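Chains, contacts and geometry: an overview
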Amino acid sequence: MPLHPRMSWARDKLPVLLLCLVFALGTPLHGLASSRSTPRPTAMPQPTRDSNAEPYDAGTPERLMPEMLVAHAAILVEAQSGEVIFEKNADDLMYPASTTKIMTAMLTIQSMIYDNLPEMVVVSPNAGNPPPNSSRVPIATGEEISMTDLLYGMMLRSGNDAATALAEHIAGSEAAFAERMNDTAAFLGCQSTNFVNAHGFHDPNQYTTARDMAIIARTAMRLDNPISTEEGQKGIPTFREVSQTLEYRLAPTNHHPRRRIITNNDFINETKENNRHLYTYGTGIKSGFHSQAMYCFVGSAQRNGVELISVVFYSSDRERWSDTRRLMEYGFSQYTSTTPEAIYKESPREINISGFDLSDAQLRGRLELGIRPLDTNRKVTIVGREDRIDAVKRDFNQLTQIRITRPDRAPVTAGEVMGYLTYFPEGDMPVEYELYATRSIEARKDAPLTLEEIKLMTEADPNSWPRFSLEFLVVPFTVALALFLLIKLLRRRRIRRRSRRQQKRLPMPKTRSFR
């Protein structure tokens, strides 16, 4: 039996809500974390495309095959449902490199919301001196810098120093923070992921899969920030906002003046000159590299209401961007989107308005109702393959409820709200739309008052006695006159009948003769 929409929503949102509760309480999920072995990703040669693969044709992206990608492991999911659209070795163990920072950023933002930690961080010697050859913001030992600036420095500059500083500030040590990362990954359903540091610098015990990383990235992109939404003065960004930022200005500190940092994500960096890897529909998220993981990228893109998330592991410098582009183009060729408004407009509701003026005789009071969202901040999109969209269109009447709240009587003004439509999306809260009049309809000039109008007029009258009008006498006087005439007519007929009967009773006169 299908779940009621509200129950389906609760089932879909429960993991996210519980995750937020965990951050609020600061409680580790040891009981939820499964026992982990220590497998190792196998050594692999330099990433190259299969020489036997068919050539890729950008004009037919729907024909993408796994061997057309350079990446050893890849996956593409639809962001709204999490449905897997395309995969290649998605469950092979891989080194995540700096894509690790997706989890670090998500936990950092949640900690900023729920842990009530000091905003300012004093950089420790451990954070100020990351492993050799690390990417850095840079920050220095003893530097006083905000959590927000460290967050942007970690994501845009891929600063290992910033990631370590955040981990120590949030959990007390990088090891404790890694434990929180692992608990969260297990809670989200990741089956083959283990973290030992917050930044992704190579460690043989730090590994994941393309499938697990897609789960982490999708969760991060879907987590809204209730504080930044409801209390904007706190200014805590969402993960989505950070991951799509192109440049950011770090505030001056006791070690550095004000600095401008620019993203190293070529997939979205439209400010970079001659950027051949820029994807028009790209929206994030994070790149990564080290010699054991090679080039990695977790990307997101959105087109015509369809949002996709991709992961490519163990690719080359240039091909990680082209691999991601091919995945995205494949996804957009498979998926489409629509909205409840668009489906409604294919067969809009019509109602019949009574009491219309003769000038509306041609349409005879037929009124088509338009649709507009009641909450303009909430955008509901129905995403899926064509067969799913067709199924939603067929079942639209069962997925919606219409209430006409305004009397269907003229006059009607264009734009006037006539009722409401409620749509019950799968796995989400119901959404309401206003149904409004698409045209004006004048009322008859000589139309009699309705009972509702008489009632409203009477209630609005300050006089406690009913209004007196000669019009009130017309009906009773007419009835009385009709009764009077009827009685008179009946009485006259009765008199005539009686007279005829009496004449029949008189004896016939006898014939008399006279002599």
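Residues numbered from 1 in each chain as written. Predicted model: local features only at pLDDT ≥ 70, side-chain atom pairs only at ≥ 80, totals over all residues. Heavy atoms only, no water.

Things to note about the overall build of the protein chain
Quick reminder of the rule: Helix and strand labels come from DSSP, where a helix needs a run of H or I of at least four residues and a strand needs a run of E of at least two; each type is numbered from the N terminus. Any two residues whose heavy atoms approach within 4.5 Å at even a single point are treated as in contact. Using the Shrake-Rupley algorithm and a 1.4 Å probe, accessible areas are obtained, with residue cover drawn only from the displayed protein chains.
Looking only at helices and strands, the protein chain features 15 helices and 16 strands. Of the contacts formed within the protein chain by residues at least 6 apart in sequence, a portion of 64% connects residues at least 24 apart. If you sum the accessible surface of the protein chain, you get close to 28,700 Å²; carbon and sulfur atoms cover 52% of it.

Here we look at the sheet that holds strand β9 (residues 306-315)
Here is the rule we go by: At least two bridges found by DSSP between two strands are what make those strands a pair. Axis lines are fitted to C-alpha atoms, over the contacting stretch for helices. Their N-to-C directions set the angle, which ranges from 0 to 180 degrees.
Across the sheet, five strands lie side by side as β2-β1-β9-β8-β7; this open sheet has antiparallel pairing. Among the strands making up the open sheet, the edge pair consists of β2 (84-88) and β7 (282-290). Taking each pair of neighbouring strands and ignoring which way they run, the sheet shows an average axis angle of 5°. Pairing of strand β1 (residues 73-78) with β2 involves four bridges; the strand directions are antiparallel. Its bridge partner being in β2, alanine 74 is matched across the sheet by lysine 88. Strands in contact with helix α10 (residues 319-334) are β1, β2, β7, β8 (294-303) and β9; relative to β9, the strand with the most contacts, it is inclined by about 145°.

With respect to the packing of helix α4 (residues 147-156) against helix α5 (residues 160-171)
Put simply, the rule reads: Each angle receives one of four descriptions, namely roughly parallel if under 35 degrees, roughly antiparallel if over 145, roughly perpendicular if within 65 to 115, and oblique otherwise. When the near helix sits turned anticlockwise from the far one by under a right angle, the crossing is termed left-handed; a clockwise turn instead gives a right-handed crossing. Polar here means any residue outside two lists: the nonpolar Ala, Val, Leu, Ile, Met, Phe, Trp, Tyr, Cys and Pro, and the charged Asp, Glu, Lys and Arg; Gly therefore counts as polar.
Where α4 meets α5, the closest approach of the two axes is 8 Å, and the angle between their N-to-C directions is 140°. What the angle tells us is that α4 and α5 run oblique. Seen from above, α4 lies across α5 with left-handed handedness. Here α4 contributes Met147, Leu150, Leu151, Gly153 and Met154 to the contact with α5, which in turn contributes Ala162, Ala163, Ala165, Leu166, His169 and Ile170. Classifying every residue of the contact of α4 with α5 by side-chain character gives nine nonpolar, two polar and no charged.

Some thoughts on empty space enclosed by the protein
Rules: Here a cavity means grid points, on a 1 Å grid over the protein atoms only, where a 1.4 Å probe fits yet cannot get out; a pocket means an open set of points with protein on both sides within 12 Å along at least five of seven lines; lining residues are those with an atom within 4 Å of a point. Grid points are joined across faces, edges and corners, and a volume is the space filled by probe spheres set on the points.
In this structure the tally under the stated criterion is two cavities of 30 Å³ or more. Considering only enclosed or pocket space, the largest cavity measures out at about 70 Å³ in volume. Met155, Leu156, Val242, Ser243, Thr245, Thr263, Asn264, Asn265, Ile268, Ile285, Lys286 and Ser287 together form the lining of the largest cavity. Of all the elements in the fold, those that place two or more residues in the lining of the largest cavity are α4, α9 (239-243) and β7. Here the residues of the lining of the largest cavity are counted per class, giving five nonpolar, six polar and one charged. Volume-wise, the second largest cavity comes out at about 60 Å³. Along the walls of the second largest cavity sit ten residues, with Ile109, Gln110, Ala220, Leu223 and Phe239 positioned nearest its centre. Considering every element that reaches the lining of the second largest cavity, the biggest residue donor is helix α2 (residues 101-114), with four residues. Per-class residue counts for the lining of the second largest cavity are six nonpolar, three polar and one charged.

Side note on a nonpolar patch on the surface
Here is the rule: Here a patch means residues that are over 30% exposed by relative accessible area and free of salt bridges, tied together within 9 Å if like-charged and within 5 Å if nonpolar (Val, Leu, Ile, Met, Phe, Trp, Tyr). The term salt bridge refers to a pairing of a side-chain nitrogen on Lys or Arg with a carboxyl oxygen on Asp or Glu at a separation within 4 Å. Burial classes: relative accessible area under 20% of the type maximum marks a residue as buried, over 50% as exposed, and values in between as partly exposed (1.4 Å probe, protein chains only).
On the surface, a cluster of nonpolar side chains totalling about 640 Å² of accessible area is made up of Val474, Val475, Val479, Leu483, Leu486, Ile487 and Leu490. Tracing the chain through its elements places isoleucine 487 in helix α15 (residues 471-505). Given the relative accessible area of 55%, isoleucine 487 is considered exposed.

Details of a positive patch on the surface
Where we set the bar: His is not counted here, nor are the chain ends, while Lys and Arg score as positive and Asp and Glu score as negative. Charge placement uses NZ in Lys and CZ in Arg. For Asp and Glu, CG and CD serve respectively.
Side chains of Lys488, Arg491, Arg492, Arg493, Arg494, Arg496, Arg497, Arg498, Arg500 and Arg501 sit close together on the surface and give a patch of like positive charge. Tracing the backbone shows arginine 494 in helix α15.

What about the confidence of the model for the protein chain?
Low-pLDDT stretches of the model should not have their predicted coordinates read in fine detail. Note the cut-off: In predicted models, pLDDT denotes the confidence assigned by the predictor to each residue on a 0 to 100 scale.
Residues at a pLDDT of 70 or more form 86% of the protein chain, whose mean pLDDT is 87. The low-confidence segment residues 1-12, where pLDDT is below 50, has 14 contacts with residues more than four positions distant or belonging to other chains. Taken as a whole, residues 228-233 scores under 50 in pLDDT and shows four contacts with residues more than four places along the chain or in a different chain.

Notes on the sheet that holds strand β11 (residues 350-352)
Read from one edge of the open sheet, five strands run β11-β12-β16-β15-β14, paired in antiparallel fashion. Edge strands, defined here as strands with exactly one partner in the open sheet, are β11 and β14 (400-404). Sheet twist, expressed as the mean angle between neighbouring strand axes with direction ignored, is 30°. Both β14 and strand β15 (residues 417-423) contribute to a ladder of five bridges, which runs antiparallel. Opposite arginine 403, over in β15, you have tyrosine 420 as the bridge partner.

With respect to the side chain of aspartate 266
Filter applied, for reference: N or O atoms within 3.5 Å of each other form a polar contact, as long as, within protein, one can give a hydrogen and the other can take it, and as long as residues adjacent in sequence are counted only when both atoms are side-chain atoms.
You can see aspartate 266 is positioned in the loop between β6 (259-262) and β7. Here the side chain of aspartate 266 touches lysine 272 through a polar contact of 3.0 Å, side chain to side chain.

With respect to helix α6 (residues 174-188)
In an α-helix, one turn spans 3.6 residues, which is why side chains three or four residues apart end up on the same side. What counts is decided by this rule: Take the residue count of a helix, subtract one, and multiply by 1.5 Å to get its expected span.
Relative to the 21 Å expected for 15 residues at 1.5 Å per residue, α6 spans 21 Å between its end C-alpha atoms, a close match to the ideal helical length. Burial of α6 is extensive: twelve of the 15 residues sit out of reach of the surface. Within α6 the residues assigned to the buried category are Glu174, Phe177, Ala178, Arg180, Met181, Asn182, Asp183, Thr184, Ala185, Ala186, Phe187 and Leu188. Phi for glycine 189, located one or two positions after α6, is positive at around 100°.

Notes on the environment of asparagine 197
Tracing the chain through its elements places asparagine 197 in the loop between α6 and α7 (210-222). With relative accessibility at 8%, the residue asparagine 197 sits in the buried group. Remark: the alpha-carbon pair of asparagine 197 and threonine 100, spanning 97 residues in sequence, is separated by 8.5 Å. Beyond its immediate stretch of four places on either side in the chain, asparagine 197 contacts Thr100, Glu174, Ala178, Met181, Asp203 and Gln206. Within the local environment of asparagine 197, its side chain forms a polar contact with the backbone nitrogen of histidine 199, the two atoms lying 3.2 Å apart.

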